[in-house]
There are 2 protein chains.
Amino acid sequence: MHRSRVYALLIDTPEAEAARAAEFWSAALGVSTRPVPAEPQFIGLHEALPGLVTAVQAVDDAPRYHLDIETDDVPAETARLLALGATEVSQWLECRILRAPGGHLLCVLPVESPPEVFAAQARTWS
Amino acid sequence: MHRSRVYALLIDTPEAEAARAAEFWSAALGVSTRPVPAEPQFIGLHEALPGLVTAVQAVDDAPRYHLDIETDDVPAETARLLALGATEVSQWLECRILRAPGGHLLCVLPVESPPEVFAAQARTWS
């Protein structure tokens, strides 16, 4: 038995345009930006969407959005999603990057939310 | 003065794979699907994300996610986003399709939420 929930919507942006994109989204949604000191590729968009972390991420790739799913058991959650038809694209640190049927990216990562948020909102899979 | 809020996250999927994608996302997120009778290109994912409508949309294009912004004044909201650096891609019925700096799609559309949800959650722009 393990648990998971959708944690974040990432606005992946080619590195050269990431600062400009963060400025746009901040003004467009009326929220402040929050640099993440230890992870300079992320620029947080504070409370841009209800209950979801939202951030611009500088990437060395084409622009795309992706969803992050946090879980208390990354291998089990990855196996569950693969069994549902996703395919594995790559691994990055502790994160597993998957492609859903239809072509969309999603990442599976260890719990990032405060424990009480995860406890209250995650779904349980058996 | 006008108002707007983020209304929906759309999982745009090539038409041939849309049904399979909806099945995946429904199982992956543990939510039910809701066909939209008048708009067969949409398959709703009921309460998949807090406070955001979430749906798979069959499109004649590459897979992508996009955000919908609902507003009580489509021309004013479009003008606001263009002034912030977005560019206009196309128009579809009453919706204006824009590309944000960095390359991401967003759509501006008339209010779709119940009036009390829009009244409580939309931001005001002057």
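Residues numbered from 1 in each chain as written. Chains lettered and ligands numbered in written order. Predicted model: local features only at pLDDT ≥ 70, side-chain atom pairs only at ≥ 80, totals over all residues. Heavy atoms only, no water.

A. Highlighting the overall build of chain A. If you tally the helices and strands in chain A, you get three helices and nine strands. Starting at the N terminus and walking to the C terminus, you meet the elements of chain A as β-α-β-β-β-β-α-β-β-β-α-β. Viewed in the frame of its principal axes, chain A has a C-alpha envelope of about 40 × 30 × 25 Å. When burial is assessed residue by residue, chain A has 50% of its 126 residues classed as buried. Considering only contacts in chain A between residues 6 or more positions apart, those separated by 24 or more positions represent 61%. Accessible surface for chain A amounts to roughly 5900 Å². Of this, 55% is attributable to carbon and sulfur atoms. Charge centroids of chain A, computed over 9 positive and 17 negative side chains, lie 6 Å from each other. (Helix = DSSP H or I, 4+ residues; strand = E, 2+ residues; numbered from the N terminus. Buried < 20%, exposed > 50% of the residue type's maximum accessible area, 1.4 Å probe, protein only. Contact = heavy atoms within 4.5 Å. Areas by Shrake-Rupley, 256 points an atom, 1.4 Å probe, with all protein chains shown as cover. Lys, Arg positive; Asp, Glu negative; His and termini not counted. Charge placed at Lys NZ, Arg CZ, Asp CG, Glu CD.)

B. Looking closely at the layout of surface pockets. Residues and elements named next belong to chain A. The volume enclosed by the second largest pocket comes to roughly 1000 Å³. Lining the second largest pocket are 43 residues, and of these Tyr-7, Leu-10, Phe-42, Asp-68 and Leu-109 lie nearest its centre. Broken down by element, the residue count for the lining of the second largest pocket peaks at six residues, all from strand β4 (residues 53-59). (1 Å grid on protein atoms, 1.4 Å probe; cavity = no way out; pocket = protein on both sides within 12 Å on 5 of 7 lines; lining within 4 Å. Points joined across faces, edges and corners; volume = space filled by probe spheres on them.)

C. Region of interest: the relation of the copies chain A and chain B. When chain A is fitted to chain B, the best match, at an RMSD of 0.0 Å, comes from turning it 180° and sliding it 0.0 Å along the axis. Both copies of the chain, as the preceding transformation shows, are related through a two-fold rotation axis. An overlap of 100% is found between the interface residues of chain A and their copies at the interface of chain B, pointing to a shared contact surface. (Least-squares fit on C-alpha atoms with pLDDT ≥ 70 in both.)

D. The arrangement of the environment of B:Ile97 in detail. All names here are of chain B. Looking at where Ile-97 falls in the secondary structure, it is placed in strand β7 (residues 95-99). Overall, the relative accessible area of 17% leaves Ile-97 in the buried class. In contact with Ile-97, not counting residues within four places along its chain, are Thr-87, Glu-88, Val-89, Ser-90, Trp-92, Leu-105, Leu-106 and Cys-107.

E. Just the pairing of strand β6 (residues 87-92) of chain B, in detail. All names here are of chain B. Looking at chain direction, β6 and β7 are connected through five bridges and run antiparallel. Residue pairing in the sheet places Thr-87 in a bridge with Arg-99 of β7. Once β6 ends, the chain turns through two residues before running back antiparallel as β7, passing Leu-93 with a positive phi of about 50°. (Pairing = 2+ DSSP bridges.)

F. Summary view of the pattern of salt bridges. Evaluation of the coordinates by the stated rule reveals 12 salt bridges over all chains. Notably, a salt bridge pairs A:Asp61 with A:Arg64, separated by 2.8 Å at the nearest N-O pair. On the basis of relative accessibility, which here comes to 25%, the residue A:Arg64 falls in the partly exposed class. A salt bridge links B:Glu77 to B:Arg80, with the shortest nitrogen-to-oxygen separation between them at 3.0 Å. With B:Glu77 and B:Arg80 both in helix α2 (residues 74-83) and three residues apart, this pair spans about one turn of that helix. Here B:Glu77 and B:Arg80 have matching classes, each one buried. Salt bridges here are not isolated pairs; linked through shared partners, they connect A:Asp12, A:Asp61 and A:Arg64. (Salt bridge = Lys/Arg side-chain N within 4 Å of Asp/Glu carboxyl O.)

G. Summary view of helix α1 (residues 18-29) of chain B. In a regular helix each residue adds 1.5 Å, so 12 residues correspond to 16 Å; α1(B) covers 16 Å between its end C-alpha atoms and thus fits that length. Just beyond α1(B), the residue with positive phi is B:Gly30, at close to 70°. (Expected span 1.5 Å × (residues − 1).)

H. Local environment of the packing of aromatic side chains. All names here are of chain A. Tallying each qualifying case throughout the model produces four aromatic pairs over all chains. The interplanar angle of 70° and the centroid separation of 6.3 Å between the aromatic rings of Trp-25 and Tyr-65 together place this pair among those described as edge-to-face. Remark: Tyr-65 occurs in strand β5 (residues 64-71) and Trp-25 occurs in helix α1 (residues 18-29); sequence separation between them is 40 residues. Assigned by exposure class, Trp-25 and Tyr-65 land together as buried. Ring pairing ties together the aromatic residues Phe-24, Trp-25 and Tyr-65, which thus form one cluster. Over the aromatic face of Trp-125 sits the side chain of Arg-80, whose NZ or CZ is 3.5 Å from the ring centroid. (Phe/Tyr/Trp six-rings, centres within 6.5 Å; stacked < 30°, edge-to-face > 60°. Lys NZ or Arg CZ within 6 Å of the ring centre and 35° of its normal.)

I. Examining the interface of chain A and chain B more closely. Contacts between the two partners involve 40 residues from chain A, matched on the other side by 40 residues from chain B. Both faces combined, the contact of chain A with chain B buries some 3100 Å², and carbon together with sulfur accounts for 72% of it. A per-residue breakdown of the area chain A buries against chain B is headed by A:Phe24, A:Tyr65 and A:His104, which together make up 23% of the total. Where chain A packs against chain B, one counts zero salt bridges. Going through the elements one at a time, β1 (2-14), α1, β5, α2 (74-83), β8 (105-110) and β9 (123-125) of chain A are the ones with two or more residues in the side of chain A that touches chain B. For the side of chain A that touches chain B, the class distribution of residues is 26 nonpolar, eight polar and six charged. (Buried area = accessible area lost by both parts, 1.4 Å probe. Nonpolar A, V, L, I, M, F, W, Y, C, P; charged D, E, K, R; others polar.)

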